[in-house]
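Report on the structure
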Amino acid sequence: GALISATAELLQLAVWRVLAGRLESPVSIMAVWMRRCLLLTCFTALLSLSSADDCGHTAPEAGWYRLCHGSIKTVEIGENTSVSLYISPPLNSSEPSLVLNVTLQSHIKHPRGAHIVDLPSQVTLQNGNTTVLLMRGISAGRDNLRFSYASEEENVSTPIKNLNNVQPEVAIVHSLPLNIVIIVVGWIYFVAWSVSFYPQIIENFRRRSVVGLNFDFLALNITGFLAYGIFNVGLYWISSIEATYFQRHPGGVNPVQLNDVIFTLHAIWATAFTIFQCFIFERGGQRVSYSALVLLTLMWLTIFISLFVAVGGKLDWLDFLYVFSYVKLAVTLFKYVPQAWMNCQRRSTVGWSIGNVQLDFTGGVFSILQMILISYNYNDWKSIFGDPTKFGLGVISIFFDLMFMLQHYVLFRKPRVSGEYLQIEEKRRGCFNCLSTESEDKTPLISGKEKEEKRSRLQRLLHWC
């Protein structure tokens, strides 16, 4: 709740500044986001450190016992870690101790065939005391401890209700400082991708026009973020779907993190706000093309068909979520094409913010970097392919961002601006009363009536803001 409220407060502040006319540079806005996200990171770390085991504070059913355990510290290869174990409530005086078998549910093997940790095969729990189980890391990975009765007699005399559910996780990494780097990298690409929406929004406000911003791109973008948001929320917050994912990728790490969920929810809002600008600003007769409408119809038709199949029990809900991820991947593959083609036709990038492209490029690079660092540190290269959307999103975004930067800085560095865009640039510079009505060859660009209508529309907009 604190994370969401802080993010909402920041979004309200950004919207108020834009509507009030306090248009700041993308660098200053990004600095505000960096400070806020640093606080969010520290808050999240404190939450993880404050998590405690409350097993002993809840009374089990009569005649049953409960096996309780503490947290296991993540260590590097070659270091020792431990977990504290105890029985709640204390055993009867006739049963001074309980012996349990200890196994490791190992999924990532050491090159020589060993597990990620060395640990004893049995542990003895003394009556009324806490037993410490020592382990030594020998290979990077994430596995779970499993416990079972050493003898059938103990199963009858000391029934433990949650024995099969106690699976404390053991995590061994190549480098502990690298874990901090992973968190920082994750928030950097979260900030870069989140702020990347605002240069375009600010550009539209400054120009009082969306001419040059392709509507097919916006229509595909909102569909893609809706699909990606459903995928992230489902895999991060729905425990049954997350459990199915870990069954298919045992020992792996959930590829969806908290910053992924927050980013997609914010992206939906920012894209919807940009679409709202298309209704109130000059758009020059632009509209969504029929080809884009056909493509969007096919995507949503695929989603609804998959939903009916999943409700009928013929498709697992995790696979249904993967349909959304593939829709997002398809959108990312196609959504930049209309904008790139439009820039080529106009031989100009006027109206398409290069700040958006630069920040999107930064986010794509750091997103892939985070996935690579996680896979290396936990020896879990399968997690990259466990979230094909996140990996493919970064690769495709980087490719198109490089193309847009090539168009802006090399191919169309000195665009041939028509009379329509000349008027837009005059509005951007604040020359609302000195709009050119003739081109250099004395050809009328805009009639007096059209000029008054546009000025009246602009005044109503400014009054509303």
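Residues numbered from 1 in each chain as written. Predicted model: local features only at pLDDT ≥ 70, side-chain atom pairs only at ≥ 80, totals over all residues. Heavy atoms only, no water.

1. A look at the sheet that holds strand β3 (residues 80-88)
Operational definition: Any two strands with at least two DSSP bridges between them are considered paired. Where helices and strands are cited, they refer to DSSP runs of H or I of at least four residues and of E of at least two residues respectively, numbered from the N terminus.
If you walk across this open sheet you meet the four strands as β1-β3-β7-β5, and the pairing is antiparallel. Edge positions in the sheet fall to β1 (66-69) and β5 (117-118), since each has one partner strand and no second. Where β5 and strand β7 (residues 131-137) come together, two bridges link them in antiparallel fashion. Bridge pairing in β7 links D118 to R136.

2. Details of the nonpolar core
As a reminder, the rule being used: Residues grouped as a nonpolar core are buried Ala, Val, Leu, Ile, Met, Phe, Trp, Tyr and Cys residues, joined through side-chain atoms within 4.5 Å. Burial classes follow relative accessibility: with a 1.4 Å probe on protein chains only, a residue under 20% of its type's maximum area counts as buried, one over 50% as exposed, and anything between as partly exposed. The contact rule is simple, with two residues in contact once any of their heavy atoms fall within 4.5 Å.
Within the largest apolar cluster, 39 residues are counted, with the highest numbers of intra-cluster contacts made by F231, L235, F263 and F324. Of all the elements in the fold, those that place two or more residues in this core are α4 (176-195), α6 (215-237), α7 (239-248), α8 (258-280), α9 (290-311) and α10 (317-346). In contact with L235, not counting residues within four places along its chain, are I241, E242, Y245, N254, P255, V256, L318 and L321. The next biggest cluster of nonpolar side chains, apart from the first, holds 25 residues, and it includes L100, V123, L145 and V170.

3. Concerning unusual backbone geometry
Although it is not a glycine, R208 adopts a positive phi angle of roughly 55°. On the secondary structure map, R208 appears in the loop between α5 (197-207) and α6. Here the phi dihedral of R347 falls at roughly 50°; this positive angle occurs in a residue that is not glycine. Counting through the fold element by element, R347 comes out in the loop between α10 and α11 (354-377). The class for R347 is partly exposed, based on a relative accessible area of 39%.

4. Description of the packing of aromatic side chains
Heads up, the rule is: Each pair of aromatic rings taken from Phe, Tyr and Trp, with Trp reduced to its six-membered ring, is defined by centres within 6.5 Å and is described as stacked if the planes are under 30 degrees apart, edge-to-face if over 60, and tilted in the remaining cases. Counted as over-ring charges are cases with an Arg CZ or a Lys NZ within 6 Å of the ring centre that also lie within 35 degrees of the ring normal.
One pass over the full model with this rule turns up 23 aromatic pairs. Centre to centre, the rings of W187 and F190 are 5.0 Å apart; their planes meet at 85°, and the pair counts as edge-to-face. Residue W187 and its partner F190 are located together in helix α4, separated by three residues, close to a single helical turn. On the accessibility criterion, W187 (10% relative accessible area) is buried. Taking the relative accessible area as the measure of exposure, F190 reaches 3% and is therefore buried. Taken together, the aromatic side chains of F217, Y336, W352, F399, F400 and F404 make up a single cluster linked through ring pairs. In this arrangement the basic side chain of R287 is found over the ring face of Y290, its NZ or CZ atom lying 4.4 Å from the centre.

5. A short note on the sheet that holds strand β8 (residues 141-149)
Spatially, five strands are ordered β2-β9-β8-β4-β6 in an open sheet, and the strand pairing comes out mixed. The two strands at the open ends of the sheet, each matched to only one other strand, are β2 (75-76) and β6 (122-126). Of the pairings in the sheet, the one linking strand β4 (residues 97-105) to β8 comprises six bridges and is antiparallel in character. When the bridges of β8 are listed, N101 appears paired with S148.

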